[in-house]
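# Survey of secondary and tertiary structure
Residue strings, one per chain:
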Amino acid sequence: MNGRRAVIVGGSIGGLFAGNMLVQQGWKVDILERAKDDLASRGTGIARHLELEQLLKRLGIVVDNTVGIDVSGRTAFDRNGEIIVEYNLPQRLGAWNRVFEPLFEKFPREHYHNGSEFTGMETTDVVTKVQTANGQDFEADVVIGADGFSSTVRELVAPGVKPTYGGYVAWRGVSGEENLTVEFLTSIFSHYAFLFLPKSLLIGYPMAGSNGSVTIGKRRYNYLWYYPTTEENLKKLLTDNEGHLHENGIPPPLIQRTHIDELKMNAQRLMPENFLEAVFKADTTMFQPIYDVNSDRIVFNNVALIGDAAFVARPHVGVGVLKAAQDAISLATSLSECHTISEALTRYEYERLQAGKRAVTHGRNLGAFIERGLDKPEDDPTLNLPPERIIRVSGRPYEHVLEQNL
Ligand SMILES: Cc1cc2nc3c(=O)[nH]c(=O)nc-3n(C[C@H](O)[C@H](O)[C@H](O)COP(=O)(O)OP(=O)(O)OC[C@H]3O[C@@H](n4cnc5c(N)ncnc54)[C@H](O)[C@@H]3O)c2cc1C
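Quick look at the structure, then. Please read these numbers as outputs of a predicted model, since none were measured by experiment. (Residues numbered from 1 in each chain as written. Predicted model: local features only at pLDDT ≥ 70, side-chain atom pairs only at ≥ 80, totals over all residues. Heavy atoms only, no water.)

## Focus on the overall build of the protein chain
Within the protein chain, the secondary structure is distributed over twelve helices and 17 strands. In terms of overall size, the protein chain behaves like a compact globule, its C-alpha atoms giving a radius of gyration of 21 Å where 406 residues would be expected to give roughly 22 Å. Seen through its principal axes, the protein chain has C-alpha atoms that stretch 65 × 45 × 45 Å. A burial count over the protein chain gives 56% of its 406 residues as buried. The long-range share in the protein chain, meaning contacts at least 24 apart out of those at least 6 apart in sequence, stands at 69%. Carbon and sulfur atoms make up 48% of the accessible area of the protein chain, which totals about 17500 Å². Positive and negative side-chain charges in the protein chain, numbering 42 and 51 respectively, have mean positions lying 2 Å apart. (Helix = DSSP H or I, 4+ residues; strand = E, 2+ residues; numbered from the N terminus. Rg over C-alpha atoms; globule rule 2.2 N^0.38 Å. Buried < 20%, exposed > 50% of the residue type's maximum accessible area, 1.4 Å probe, protein only. Contact = heavy atoms within 4.5 Å. Areas by Shrake-Rupley, 256 points an atom, 1.4 Å probe, with all protein chains shown as cover. Lys, Arg positive; Asp, Glu negative; His and termini not counted. Charge placed at Lys NZ, Arg CZ, Asp CG, Glu CD.)

## A closer look at helix 9 (residues 320-337)
In this model helix 9 runs 26 Å from its N-terminal to its C-terminal C-alpha over 18 residues, within 8% of the 26 Å that 1.5 Å per residue would give. Of all 18 residues in helix 9, 14 are buried; the element is thus mostly enclosed. (Expected span 1.5 Å × (residues − 1).)

## With respect to the packing of helix 9 against helix 10 (residues 341-371)
Here helix 9 crosses helix 10 at 160°, and the two axes come no closer than 8 Å. Taken together, helix 9 and helix 10 sit at an angle that is classed as roughly antiparallel. In the packing of helix 9 onto helix 10, the handedness of the crossing is right-handed. Contacts from Lys323, Gln326, Asp327, Ser330, Leu331, Thr333, Ser334, Leu335 and Glu337 in helix 9 reach Ile341, Ala344, Leu345, Arg347, Tyr348, Glu351, Arg352 and Ala359 in helix 10. Here the contact of helix 9 with helix 10 is composed, by residue class, of seven nonpolar, four polar and six charged. (Axes fitted to C-alpha atoms, helices over the stretch in contact; angles between N-to-C directions. Parallel < 35°, antiparallel > 145°, perpendicular 65-115°, else oblique. Left-handed = near helix turned anticlockwise from the far one by under 90°. Nonpolar A, V, L, I, M, F, W, Y, C, P; charged D, E, K, R; others polar.)

## Re the sheet that holds strand 17 (residues 303-305)
An order of 6-2-1-10-17-16 is seen for the six strands of this open sheet, with the pairing classed as mixed. Of all strands in the sheet, those with a lone pairing partner are strand 6 (112-114) and strand 16 (299-300), marking the two edges. In terms of strand pairing, strand 2 (residues 28-33) meets strand 6 through three bridges, oriented parallel. Bridging across to strand 6, isoleucine 31 finds its partner in tyrosine 112. Sheet strands touched by helix 10: strand 10 (142-145), strand 16 and strand 17. Its angle to strand 17, the strand with the most contacts, is close to 20°. (Pairing = 2+ DSSP bridges.)

## Overview of unusual backbone geometry
Residues other than glycine seldom take positive phi values, yet lysine 199 does so here, at roughly 60°. Counting through the fold element by element, lysine 199 comes out in the loop between strand 12 (192-197) and strand 13 (200-207). Phi at asparagine 405 takes a positive value of approximately 50°, unusual for a residue other than glycine. Looking at the element boundaries, asparagine 405 is found in the segment after helix 12 (398-403).

## Overview of helix 5 (residues 182-189)
Those residues of helix 5 that sit buried are Phe184, Ile188 and Phe189. Take helix 5 and look down its axis: the buried residues cluster within an arc of 80°, on one side only. Of the exposed residues in helix 5, the ones pointing more than 90 degrees away from its buried face are Val182, Glu183 and Thr186. Against the buried residues of helix 5 lie strand 4 (68-77), strand 13, strand 14 (220-228) and helix 8 (276-280). (Arc of directions from axis to C-beta.)

## Quick look at the sheet that holds strand 3 (residues 45-48)
Ordered by their spatial adjacency, eight strands build an open sheet running 3-5-4-12-13-14-11-15, and the pairing between neighbours is mixed. Looking at strand neighbours, the two that pair on one side only are strand 3 and strand 15 (284-292), the edges of this open sheet. Along the sheet, successive strands turn relative to each other by an average axial angle of 30°, direction set aside. As paired elements, strand 12 and strand 13 share five bridges and run antiparallel to each other. Along strand 13, the bridge assignment pairs alanine 193 with glycine 204.

Spatial relationships are all this shows, so hold off on functional conclusions.
This is the structure:
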């Protein structure tokens, strides 16, 4: 199928993985990205799994020990800030932009279209005409929807599939190592920490500095606080000072000051002293509403959904980036090894549908205690979520959990 044309909607992790693979295979690829500006300046921390490193290497991207910070395991802290239990699991923690940037640099610049918002498509015979809001037209043999949780491509091909809100948000913040106190740096900073708070959970870990540096003194601290928020309050959080509702995510600078002040008040009320500066010293604060997206199909004629457009598993699982990469690689490999597009897309769906469903279910289970407003995850023993299990099974592919029977 050398020389075929693909249009990819969404130029983030999933879109760039698929785009780079297909270009390597001799396809003509255009990526349409709604954002006008460079995405690289955004993003906070991610867990870098070995599987992700292998997929990056397949694209010829160098992965060395400067791409993240190695930790030896996870540590659970109780609401007083005392260590409850530890679990030994070496892992590399990275920054989102250290995955995005090399993928972006590798893709042919002239075929990456910033400010191109996909609006619709029309198929005649086997060719699909793809339209954008700025009046551009692209022709494609295959259309790949890599446009995230609120995917417009999915809206067209599977209008019944909607993101469902999990009843809480993840507040995220990042602080420079140089601003943190010696006490924080020695007792908290280097842990992959799980802080169990009333009805909520905070995860914190070190990540590379904004320039990618992993040198001591130049790194950053990243936290993510899962916090219950009603749908009504979520709307308020997503509304800027001008009263405009940003349903698909509010850019961090537009979050109203009062919401950040309230976050800090809640931190003061609920968090132990030794963790407080994670929230108070953060120079970037943002939040992510927790949604599930669960699909029964991810292929529709010559259209395939990948990454968050196909399935969104809550960040407890920590595989959003890896899953998007795995979807993209499976799709591109099928397109290279099968004789027809239809055969390739059928194989892709077969390979990735169940993996997506498993990740969504795992994420829902891990977040069930916050969604249900339980004070502690152990309050309902049927959830099987004591802290010692949460720290073992979070932030890693569900396949590991199954293989090791955790
Ligand atoms: C800027 C940015 C920063 C992120 N930072 C982090 C992080 O720090 N930690 C983390 O765990 N996850 C982060 N994520 C999410 C993470 O990338 C995804 O959860 C996961 O990797 C799946 O990637 P994806 O490519 O499927 O979807 P996404 O990363 O959500 O990308 C979807 C892309 O599609 C574009 N798009 C949407 N609609 C249209 C349209 N109609 N036309 C054209 N383009 C469209 C969006 O602008 C976006 O770039 C970030 C995502 C983005 C976009």
